Each structure stands twice: as structure tokens, then as C-alpha cells.
Amino acid sequence: MKKLFLSVAALFAVCIVSAQEGVVASYNKGAEMLQSKNYPEAAKLFQKVIDEGMASEDATELNCVETAKKYLPTCYQGMGTRAAAQGNYDEAIANLSKAAEVAELYGNVAALKKANTILAKVYQAQGGTAFNNKDYAAAAEIFAKGYAADPKNTQMALWLGTCYCELKDYDKGMEILEKVAGMQGPKFEADAAEANRLLTLYTNNRVAELQTANDQDGIIAMADKMLEQNPANALAQKIRLQAYLTKKDYAKVIELGEAAAAAQPDETEKSDVYFILGAAYNAKEMKPQAIEALKKVTAGRTEIGCRVEQIIAEYDTGSRKPSRVSGFLFVLQRPEREGRFSCKTLSVIFFREKSCRKRPPDTSDPFPHPVRQRKTAERCVQRRFSSAIGTAAPLL
């Protein structure tokens, strides 16, 4: 925190040094106390100048009153910073809050901003212990006060947003993180990037919770709320699209797909959206549109995905059966980033083949006996598809 340097000459310039008793004498004494950093005594004297000189008609006394108003917030700020340095956060908060109060009362905008900036840092330090101990409820209560004092303290805002999200209050947390992510300028660049990372993390966590509950409408509602705050939110558009696909609302996927793809920040994310869009077209038996969508999948693909252009080309020329292409399109809906497939995806591949149509009992897990069934599926997949993709995809 910046130290306060005041010139004795500057403090005394507004009032002629004289033996006069009253307002001027109190002001001069207060100036001496401020210069010697006796902030409590200086505050008392400046307040006395204001109280006794407000009704004066003397120009010199009125000048002293106006200058006392200017320096009174400085006195409380000095007391606050000193207490904070000693770890007396409650005392620091009381004095800095008083500094902000008198600064606002007397229209001192610069002093108000400075007092609130320091006040927010004190709240940040006070809440840091609870945050590090993962006592998110206690930390959030403290950080919220600091955030109210200075919303541009982006480091504390990140911590506050994290607290709310850890407490499962995603709406509050993401609202704050969205604001940090939207901060412009080099000063905020690192914190804005961190806010985007946290938004992705907690959005995915919330989506996973809702998916576990099979609450696709909840995912859509969450995404819609995120888009109300930021209509350009690429992640919200993507998860909403996936939820509509899971609901088999293919018309809605097709309606929103191109806009969602255009909003994505990189080719990997665009490719994910085009996978979803291609799957919706395929489900609607709109094969040409499915092909066009899947042609735009250019990143983040599995080994099977990397040969999609060949499969599409063969389908276009009529040399590949539509049923086989349909199976491949289904696989492309659920690629794993490292070229691997889950048991559920293997089940889809396994049972799409005409020679392997016999399904296991109708359970939530396509493979009730994962180890045995997985090996069977792996052999089937490698045997049936290796000629099409040129190499067997690594399987779990």
C-alpha cells in the first residue's frame, strides 16, 4: 500500500498561522498530527474543524473546513492500513469503512475509490484463511463484502465465484465468473483466462450432476441462464445442443447447430458441435446434410473419426451400404479424445453389425458382464471394421 507523504507547507498553506483560537488553531494542530502519522488525533481535530466551522462566515475558517473534509478520509485510511498490517482485520475494516463513508459524504471520489480498494484487499486477506482451509461458506461471506467494495478486485472475485460453485450455488458463482471473464485490458487478462477455465470446470461438473439425474431439461435451463448473461457463451451453446441431442429433439439441434458451431473458439470445439449436428441429421435420415456436417469435423477425432472422409466418399459413390455408414455416424457422436471407446460405445458398434444383433438383457449397462463382453466386442469390432479404417482402433 502506498505511503502517505504530505508537505507541512501544503497543509498549512490554506490557513495563516496565527495565535487565533478556534477553527484555525484546531486545523493547524490536526495538520501537525497528520504529518506525524498520529491518525486518531488528527481525525478528531479535523472533525472538530468541520463541526465548528461549517456555520462560519469567515473565509479562512471555511477554507480550513473544506481542507479538513479532504484529509479526514486520509486519517481513517491511515488507521485502517496500520491495523491491517498488524493483522487486526476487524479494526482495519471498521476504519476503512469509515474512510469510505466520510469520503462519500463529502464528495471526495478519489478518496472513496482508494478506501474501497484497500478495504477489499483487507477482506481478501481476512477470508484467505477460510478459503485455504476449504471453509467455503465462511470465506464466501467475507469475500462477498470485499467484492461489494471493489468489484474490480478480480483475484478475490475468482475466489468468491469458486466458493459459491463449491457450495453448489452455481448461479451465483457463474454470474461472478462471467463478469471476470468479460473484463477487458492487459491488467485483467490472466484473471479473465482463469475465470474462463473455472467456468468450463464448474459447468461440466454441473452438467455431470444433471446427467447423472437424467435431467436434460435442467441442463438446457442452466445453459439458457448462462446465455442470458452472455449470449456469446460458446460452452453454454455446446452443452445445450448436447442436451437436446440426448433428448432426441433433433429438430432443435438442427435449428441451433450452426450458430453454436460459429460461436466456438477453436477447431476442436467446432468439431465437437459438428459431430452433434451430424448425428441429429443422421437420426432424421437427412444423409446429405449429415455428410456435410461431418465433413467439417477436422480436429479432436479418434482413429475411426480420422477416416470419416473416406467413409463419406464411399457412401457418396454408393459403394458403402447405408446401414454401415449409419453405424459409423453413431460412433462419431461419442468420440473419446485419446482414440478410445467406452463400453457403451463398443456395445453400439458391436450390436449394429447384422451378424451380432443379439443384445444382452435390457439393463442400464449394455455390458452386464463388462470384462467378458468387452473382449467379445473388441474382437468383433477389429474383425468387422479394421478393413474400413485401415487399422484397429485402440480399445479399452
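Residues numbered from 1 in each chain as written. Predicted model: local features only at pLDDT ≥ 70, side-chain atom pairs only at ≥ 80, totals over all residues. Heavy atoms only, no water.

Chemist: I tried to follow the overall build of the chain on my own but got confused; where do I start?
Modeler: For the chain, the count of helices and strands is 20 helices and zero strands. In the chain, which comprises 396 residues, the proportion classed as buried is 47%. For the chain, the computed accessible surface area is about 20,400 Å², with 51% contributed by carbon and sulfur atoms. (Helix = DSSP H or I, 4+ residues; strand = E, 2+ residues; numbered from the N terminus. Buried < 20%, exposed > 50% of the residue type's maximum accessible area, 1.4 Å probe, protein only. Areas by Shrake-Rupley, 256 points an atom, 1.4 Å probe, with all protein chains shown as cover.)

Chemist: Can you help me understand the confidence of the model for the chain in this one?
Modeler: Overall, the predicted model of the chain reaches an average pLDDT of 78, with 70% of residues at or above 70. Scored below 50 in pLDDT, residues 381–396 makes 41 contacts in the model with residues more than four places away or belonging to other chains. (pLDDT = per-residue confidence, 0-100. Contact = heavy atoms within 4.5 Å.)

Chemist: Is there a simple way to explain the side chain of Gln124 in this structure?
Modeler: Structurally, Gln124 is set in helix H6 (residues 109–132). Excluding anything up to four places from it in sequence, Gln124 contacts Phe143, Asn153, Gln155, Met156 and Trp159.

Chemist: Where do I start with the pattern of salt bridges in this structure?
Modeler: Pairing between side chains becomes possible if they bear opposite charge and their charged atoms approach one another. Under the defined criterion, the tally for this structure stands at 15 salt bridges. Residue Glu209 is joined to Lys168 by a salt bridge in which the shortest nitrogen-to-oxygen separation is 3.0 Å. Note that Glu209 is positioned in helix H10 (residues 189–212) and Lys168 in the loop between helix H8 (154–166) and helix H9 (170–181), a separation of 41 residues in sequence. Overall, Glu209 belongs to the partly exposed group, its relative accessible area being 30%. The partner of Lys238 in a salt bridge is Asp272, and the shortest N-O contact between them spans 2.9 Å. One end of the pair, Lys238, is in helix H12 (residues 234–246); the other, Asp272, is in helix H14 (residues 267–283), and 34 residues separate them in sequence. The pair Lys238 / Asp272 is uniform in exposure class, with both members buried. (Salt bridge = Lys/Arg side-chain N within 4 Å of Asp/Glu carboxyl O.)

Chemist: Sorry, what's going on with the packing of aromatic side chains here?
Modeler: Here the distance between the centres and the angle between the planes together describe a pair of aromatic rings. If you walk through the whole model with that rule in mind, you get six aromatic pairs. An angle of 45 degrees between the planes, with centres 5.7 Å apart, marks the rings of Phe143 and Trp159 as tilted. Here Phe143, found in helix H7 (residues 136–149), pairs with Trp159, found in helix H8; they are 16 residues apart in sequence, far enough to count as distant. Overall, the relative accessible area of 24% leaves Trp159 in the partly exposed class. Grouping aromatic residues by their ring pairs yields a cluster made of Phe131, Tyr136, Phe143 and Trp159. (Phe/Tyr/Trp six-rings, centres within 6.5 Å; stacked < 30°, edge-to-face > 60°.)

Chemist: Can you walk me through a positive patch on the surface in this structure?
Modeler: Together, Lys113, Lys121, Lys152 and Lys187 make up a region of like positive charge exposed at the surface. With respect to the secondary-structure elements, Lys152 resides in the loop between H7 and H8. You can call Lys152 exposed: its relative accessible area is 56%. (Patch = residues over 30% accessible without salt bridge, like charges linked within 9 Å, V, L, I, M, F, W, Y side chains within 5 Å. Lys, Arg positive; Asp, Glu negative; His and termini not counted. Charge placed at Lys NZ, Arg CZ, Asp CG, Glu CD.)

Chemist: Would you mind going over unusual backbone geometry with me for this structure?
Modeler: The bulk of non-glycine residues show a negative phi, and the bulk of peptide bonds are trans. In this structure, Lys37 takes a positive phi of about 65 degrees despite not being glycine. Here Lys37 is to be found in the loop between helix H2 (23–35) and helix H3 (39–53). In this structure, Lys134 is a non-glycine residue whose phi angle is positive, near 65 degrees. Position of Lys134 relative to the elements: it lies in the loop between H6 and H7. Its relative accessible area of 61% is what places Lys134 among the exposed residues.

Chemist: Can you help me understand H2 in this one?
Modeler: Residues spaced three or four apart along an α-helix face the same direction, because each turn holds 3.6 residues. Over its 13 residues, H2 extends 18 Å from the first C-alpha to the last, a length consistent with the 18 Å expected when each residue adds 1.5 Å. Of all the positions in H2, only Val23, Val24, Ser26, Tyr27, Asn28, Gly30, Ala31, Met33 and Leu34 are classed as buried. In the stretch just after H2, Lys37 is the one whose phi turns positive, near 65 degrees. (Expected span 1.5 Å × (residues − 1).)

Chemist: Looking at this model, I keep getting lost on H7. Mind explaining?
Modeler: Here H7 spans 20 Å end to end across 14 residues, near enough to the 20 Å set by a 1.5 Å rise per residue. Where H7 is concerned, the buried positions are Tyr136, Ala139, Ala140, Ile142, Phe143, Gly146, Tyr147 and Ala149. Where the residues of H7 are buried, they touch H6, H8 and H9.

Chemist: It is not clear to me how the environment of Asp191 should be interpreted in this structure. Could you clarify?
Modeler: Looking at the element boundaries, Asp191 is found in helix H10. A polar contact is formed between the side chain of Asp191 and the side chain of Thr154, at a distance of 2.5 Å. (Polar contact = N/O pair within 3.5 Å; in protein donor to acceptor, adjacent residues only side chain to side chain.)

Chemist: Before we go on, may I ask you to explain the packing of H6 against H7 in this structure?
Modeler: Between two packed helices, what matters for the description is the angle formed by their axes and the separation of those axes. Contact pair H6 / H7: the axes reach a minimum separation of 8 Å and the direction vectors enclose 170 degrees. The angle between H6 and H7 falls in the class roughly antiparallel. Here H6 contributes Asn116, Leu119, Ala120, Tyr123, Gln124, Gln126, Gly127, Gly128, Ala130 and Phe131 to the contact with H7, which in turn contributes Tyr136, Ala138, Ala139, Ile142, Phe143, Lys145, Gly146 and Ala149. Looking at side-chain class alone, the contact of H6 with H7 contains 11 nonpolar, six polar and one charged residues. (Axes fitted to C-alpha atoms, helices over the stretch in contact; angles between N-to-C directions. Parallel < 35°, antiparallel > 145°, perpendicular 65-115°, else oblique. Nonpolar A, V, L, I, M, F, W, Y, C, P; charged D, E, K, R; others polar.)

Chemist: Honestly, the packing of H12 against H14 in this entry has me stumped. Any pointers?
Modeler: Contact geometry for H12 and H14: axes closest at 10 Å, N-to-C directions at 20 degrees. When the axes of H12 and H14 are compared, the pair comes out roughly parallel. Relative to H14, the crossing made by H12 is left-handed. Along the contact surface, H12 presents Lys238, Leu241, Gln242 and Leu245, while H14 presents Glu269, Asp272, Val273, Ile276, Ala279 and Ala280. (Left-handed = near helix turned anticlockwise from the far one by under 90°.)

Chemist: Would you mind going over the side chain of Thr162 with me for this structure?
Modeler: Its place among the elements puts Thr162 in helix H8. For Thr162, a relative accessible area of 11% corresponds to the buried category. Among the polar contacts listed, one links the side chain of Thr162 to the backbone oxygen of Leu158, at a separation of 2.8 Å. If we skip the residues at most four places from it in the chain, Thr162 touches Phe131, Leu198 and Tyr202.

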